[in-house]
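Here is what each chain is made of, one letter per residue.
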Amino acid sequence: MGYWNNTAATLATLRDGWVHTGDVGRLDAEGFLYLVDRKKDMIISGGFNIYPSDIEAIMMEKGDLLEVAVVGVESDRWGETPVAYVTPKPGSNLTAEAIKEWTNTNPKIGKTQRLHDVQLVEALPRSAIGKVLKRELRDEYKAKFGVAG
């Protein structure tokens with residue numbers, strides 16, 4: 001039982017008979033469980049917890065976007081700050097700046113959730129099972145731009 005040839009990962013995941021998945025959830029008033037995000041994807045900016053999935057859901061309301069992934073990148077000022085990787089729908093003439101402006105002025109976006117940057121991409125990197133590889137996006141941003149202001 002555990003991760004193949006990875007004792008450290010097994011010890012971090014299996015503790016006291018429980019499997020710690022890293023999923024973040026909430027219970028509603030009726031006792032229904034909603035999975036909100038992954039703990040390792042949570043952005044901590046200026047001491048506030050930001051769930052990328054909240055920002056992604058609001059951005060997808062724009063309508064001209066095919067897919068969105070929000071990641072936290074290192075920031076000198078905030079510790080981490082949100083950056084969105086966006087694939088516009090074919091034929092869309094949206095710019096990164098227009099998407100950022102629309103998102104950051106949306107009344108559903110809190111001050112701490114405002115995007116530092118938007119990167120337009122043809123497609124998001126995915127694993128063999130189709131999961132967005134946010135780690136690759138964070139690494140790409142850091143390699144390209146360093147630490148955000």
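The structure this text deals with has already been given above.
Given the structure is predicted, the values throughout are model-derived calculations rather than measurements. (Residues numbered from 1 in each chain as written. Predicted model: local features only at pLDDT ≥ 70, side-chain atom pairs only at ≥ 80, totals over all residues. Heavy atoms only, no water.)

Draft legend 1. The arrangement of the nonpolar core in detail. By size, the foremost hydrophobic cluster in this structure holds 15 residues, and its most contacted members are Met59, Val70 and Val86. Listing elements by their share of this core, those giving two or more residues are helix H2 (52–60), strand E7 (65–75) and strand E8 (79–88). Ignoring any residue separated from it by four or fewer positions in sequence, one finds Val86 in contact with Met59, Leu65, Glu67, Val68, Ile99, Val118, Gln119, Leu120 and Val121. By size, the runner-up hydrophobic cluster in this structure holds 10 residues, among which are Tyr85, Val121, Leu137 and Ala148. (Core = buried A, V, L, I, M, F, W, Y, C linked by side-chain atoms within 4.5 Å. Buried < 20%, exposed > 50% of the residue type's maximum accessible area, 1.4 Å probe, protein only. Helix = DSSP H or I, 4+ residues; strand = E, 2+ residues; numbered from the N terminus. Contact = heavy atoms within 4.5 Å.)

Draft legend 2. Quick peek at unusual backbone geometry. Its identity as a non-glycine residue notwithstanding, Asn5 has a phi of 55 degrees, on the positive side. Mapping Asn5 onto the fold places it in the segment before helix H1 (7–13). On the accessibility criterion, Asn5 (68% relative accessible area) is exposed. Within the chain, Asp16 stands out as a residue other than glycine whose phi angle is a positive 50 degrees. Assessed through its relative accessible area of 79%, Asp16 is described here as exposed.

Draft legend 3. Region of interest: the layout of surface pockets. The computed volume of the largest pocket comes to approximately 310 Å³. The wall of the largest pocket is formed by 14 residues, among which Ser45, Trp78, Lys111, Thr112 and Arg114 lie closest to the centre. Taken together, the residues of the lining of the largest pocket break down into four nonpolar, seven polar and three charged. A volume near 240 Å³ is recorded for the second largest pocket. Forming the walls of the second largest pocket are Tyr3, Ala12, Thr13, Arg15, Val19, His20, Thr21, Gly22, Asp23, Arg38 and Lys39. Across the lining of the second largest pocket, the residue classes break down as three nonpolar, four polar and four charged. (1 Å grid on protein atoms, 1.4 Å probe; cavity = no way out; pocket = protein on both sides within 12 Å on 5 of 7 lines; lining within 4 Å. Points joined across faces, edges and corners; volume = space filled by probe spheres on them. Nonpolar A, V, L, I, M, F, W, Y, C, P; charged D, E, K, R; others polar.)

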